[in-house]
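Commentary on secondary and tertiary structure
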Amino acid sequence: MRYMLMLHADETAGKAVPAEDMSRYMGQMYAYQQALLKAGVFISTDALVSSSEASIVRIQGDDVSVVDGPYADVREQFGGYFIIDVIDQDEANKWAARCPAATWGAVEVRRIREVSEYLK
């Protein structure tokens, strides 16, 4: 089953991290990705731009609303993800617990629905 590990962190705190520390953190993330690859569970990963560069689009009737970010008053923002293919939620949770991002934020784990589940 495929799972998305959504990495949430405080963008403001992240911007204040010294370059040498950030380099070390990114090294940890690279090592984590290599562990996923070695285990044969890695599908993909990407980092997202800051929420200040995001927007929310809503349509109500004929009205289109575009709100530029940051659009939510929350402490942690969704900043990147890993998609993995593992046997079950427990295994996905174990991989999430190994993710270095869990030490400076939160890793939300969600199973990705198969098309067959919603095209019935």
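Residues numbered from 1 in each chain as written. Predicted model: local features only at pLDDT ≥ 70, side-chain atom pairs only at ≥ 80, totals over all residues. Heavy atoms only, no water.

This brings us to the pairing of strand β4 (residues 63-68). With zero of its six residues buried, β4 lies for the most part at the surface. Bridging between strand β3 (residues 55-60) and β4 involves six bridges; their strand directions are antiparallel. Paired with serine 55 across the bridge in β4 is aspartate 68. (Buried < 20%, exposed > 50% of the residue type's maximum accessible area, 1.4 Å probe, protein only. Helix = DSSP H or I, 4+ residues; strand = E, 2+ residues; numbered from the N terminus. Pairing = 2+ DSSP bridges.)

Another aspect to go through is helix α3 (residues 89-98). Of the residues making up α3, those classed as buried are Ala92, Trp95 and Ala96. Taken down its axis, α3 places every buried residue within 105° of arc, on the same side. Along α3, the residues that are exposed and aim more than 90 degrees away from the buried face are Asp90, Lys94, Ala97 and Arg98. You can read the cap of α3 off the contacts: a side-chain oxygen lies 3.3 Å from the backbone nitrogen of aspartate 90, and it is on aspartate 88. (Arc of directions from axis to C-beta. Polar contact = N/O pair within 3.5 Å; in protein donor to acceptor, adjacent residues only side chain to side chain.)

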